[in-house]
Amino acid sequence: YAMVDPGIAMYTEGFAFALHVPLRLLAVDGKNIGAAQASFGGMKIRREDWDEVPDFARLIRFATIGRKEEKFYLTINTMRPATIGHGMLMSGYQGNIDVDRSVTGVIFDAYNDYGGWQFQLNDITLTNKVIGGLLFVKPLSLFTDDINAKSLSLGLEYITDMNAPKCVLIDEASEQCVQGNNHGAGFDPYTGARLDDTFVRSDSDTGRPLVKTTQVEALGTSIEYKFLKVGREIDYKVYTTFHTFLNEGGGSGMAVGALGRLNFGDEWIHALRLRSEYRNYGDGFIPNYFDSLYEVSKFSYTPKQRYHQVTPTKYQGIFG
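Bringing the sheet that holds strand β1 (residues 2-4) into the picture now. Here three strands make up an open sheet; going across it, the order is β1-β4-β5 and the pairing antiparallel. One side of each edge strand has no neighbouring strand; the edge strands of this open sheet are β1 and β5 (39-45). Pairwise comparison of adjacent strand axes, ignoring direction, gives a mean angle of 15° for this sheet. Strand direction decides the pairing type here: strand β4 (residues 23-29) and β5, joined by four bridges, are antiparallel. Paired with L26 across the bridge in β5 is K44.

It is worth spelling out the layout of surface pockets at this point. Counted as a void, the second largest pocket has a volume near 430 Å³. Lining the second largest pocket are 19 residues; nearest its centre among them are D5, H20, P22, R58 and S102. Sorting the residues of the lining of the second largest pocket by element identifies β1 and β4 as the ones contributing at least two each. Among the residues making up the lining of the second largest pocket, the classes are represented as seven nonpolar, four polar and eight charged.

With that out of the way, let us pick up the pattern of salt bridges. By the definition in use, this model includes 17 salt bridges. Among the salt bridges present, the one from K229 reaches D235, with a minimum N-O distance of 4.0 Å. Of the charged contacts in the structure, one is a salt bridge between K298 and E295, with a shortest N-O distance of 2.9 Å. Connected via shared salt-bridge partners are K226, K229, D235 and R261.

What counts and what doesn't
Residues numbered from 1 in each chain as written. Predicted model: local features only at pLDDT ≥ 70, side-chain atom pairs only at ≥ 80, totals over all residues. Heavy atoms only, no water. Pairing = 2+ DSSP bridges. Helix = DSSP H or I, 4+ residues; strand = E, 2+ residues; numbered from the N terminus. Axes fitted to C-alpha atoms, helices over the stretch in contact; angles between N-to-C directions. 1 Å grid on protein atoms, 1.4 Å probe; cavity = no way out; pocket = protein on both sides within 12 Å on 5 of 7 lines; lining within 4 Å. Points joined across faces, edges and corners; volume = space filled by probe spheres on them. Nonpolar A, V, L, I, M, F, W, Y, C, P; charged D, E, K, R; others polar. Salt bridge = Lys/Arg side-chain N within 4 Å of Asp/Glu carboxyl O.

Rendered as structure tokens:
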């Protein structure tokens, strides 16, 4: 493929945007390379790049107002990873790691002396629905202007994947799932079916595994206290969080930590983050469930120990 990516971008002090048309054009057709020599591909546009609704939203590379950690920040973006709160549930989530699919998401943060929010939607077309939000208040600031009152925050967090793969289907005509555990290669002792063939069925439209979907959702609370702040350069806080998954088989986890944020420079900003954290969690919970590789691991999740032929979905691996 020959890659062509014409575009336009504009940057101002408070706003930036970029539009582009990323194209992969078939330069060499190698489908029959075993029987004959490869031929010229005619520079045809790669069909898989434009066969789903979210693919057309990729024309927006980014449109951004403000900067992360400022009082107002809004971006429509195909590149920016998302972290909600202290990252116990969603940390560095990145929707664009599938070569055959593109999603354009929204991140919207805002706050003042009395409270604020964080919001993340992974797909503005709502074809994919990984949604997260954090709402926080500073209750003591309602009664006093003291700096210590404004430093205490109480947060409520909710994150969900409304179309999470629950299991991979054995075939398109069946609702029977590939087992996520104790699944050995060979033949099923009850049906005689070859277990080796049960993880190769894929959707003819998307190329991804045929799956039965469900909703994964989690709820959390947090308390933080900012004990040192010097302008926009120095920011130190301590915090504690508690989170639980609400779906069947879900468990709970908690964390206690300290976070230091150090920023240097005006024209070029250099950021240093110092973090120390203790985590404790039980069965049915894993920190950073919605991580950078979630869009792949939700279909095939590799635990530390494997007693089965194929890896389960992340839902099966964590919740059973």
